Amino acid sequence: MSDVSPETRAEIDRAGRGVARRIDPGARAMLIAVAIVAAVAALLLPWVAGTPGWQVLASGTSGPLPTLFSFTMTGFAVVVSAAALLTRLWALAWLAAFGCGISSVNGLWAIWSQQTGAEAGPGFGMVLGVIAVVLLTFVWAGAALQRD
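We now turn to the structure provided with this report. (Residues numbered from 1 in each chain as written. Predicted model: local features only at pLDDT ≥ 70, side-chain atom pairs only at ≥ 80, totals over all residues. Heavy atoms only, no water.)

**Digging into unusual backbone geometry**
If a residue is not glycine, its phi is most likely negative; likewise, a peptide bond is most likely trans.
Next, step 1: In this structure, A49 takes a positive phi of about 50° despite not being glycine.
Next, step 2: Among the secondary structure elements, A49 is positioned in the loop between β1 (46-48) and β2 (51-52).
Next, step 3: Looking at A49, the relative accessible area reads 68%, which means it is exposed.
Next, step 4: Residues other than glycine seldom take positive phi values, yet R88 does so here, at roughly 60°.
Next, step 5: Mapped onto the fold, R88 is located in the loop between α4 (64-87) and α5 (90-116).
Next, step 6: Residue R88 is classed as partly exposed on the basis of its relative accessible area of 30%. (Helix = DSSP H or I, 4+ residues; strand = E, 2+ residues; numbered from the N terminus. Buried < 20%, exposed > 50% of the residue type's maximum accessible area, 1.4 Å probe, protein only.)

**Concerning helix α2 (residues 28-44)**
Next, step 1: End to end, α2 covers 25 Å across 17 residues, agreeing with the expected 24 Å (1.5 Å per residue, within 8%).
Next, step 2: Listing the buried residues of α2 in full gives A29, I32, A35, I36, A39, A42 and L43. The buried residues of α2 occupy one face: seen down the axis, they fall within an arc of 140°. For α2, exposure combined with an orientation more than 90 degrees from the buried face picks out M30, V37 and L44.
Next, step 3: Buried residues in α2 make contact with β1, β2, α3 (53-59), α4 and α6 (124-145). (Expected span 1.5 Å × (residues − 1). Arc of directions from axis to C-beta. Contact = heavy atoms within 4.5 Å.)

Rendered as structure tokens:
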């Protein structure tokens, strides 16, 4: 390798580091995209007493746990997951997996809070949102662990 200039060697090393930081979700990419769309659709459906998820996100008047879930679901399942899918960065894939895991717990607490109170129970949108973030948790974790 003595016939390679230092500039060429630096460029090769830089390209190698760039590839090492990326993931290839493969067939998981379609499942991730569908789950992101399901999370967005969940924000349009009823969550608490007929109030859509986007209003729970915007107003925060539906209780602390549904509001917390709406923030974590929007942040991790929609924003971070979309960014990780577009950039295919390994660190964003891990952040999406970890954040969706936290959002899954928040979503289960939000459902529990609606079932134990005097309310009519959780709406379909909240349940769909929890299913979407649980699915994203496992799919992102599998994609991040498959790093070559």
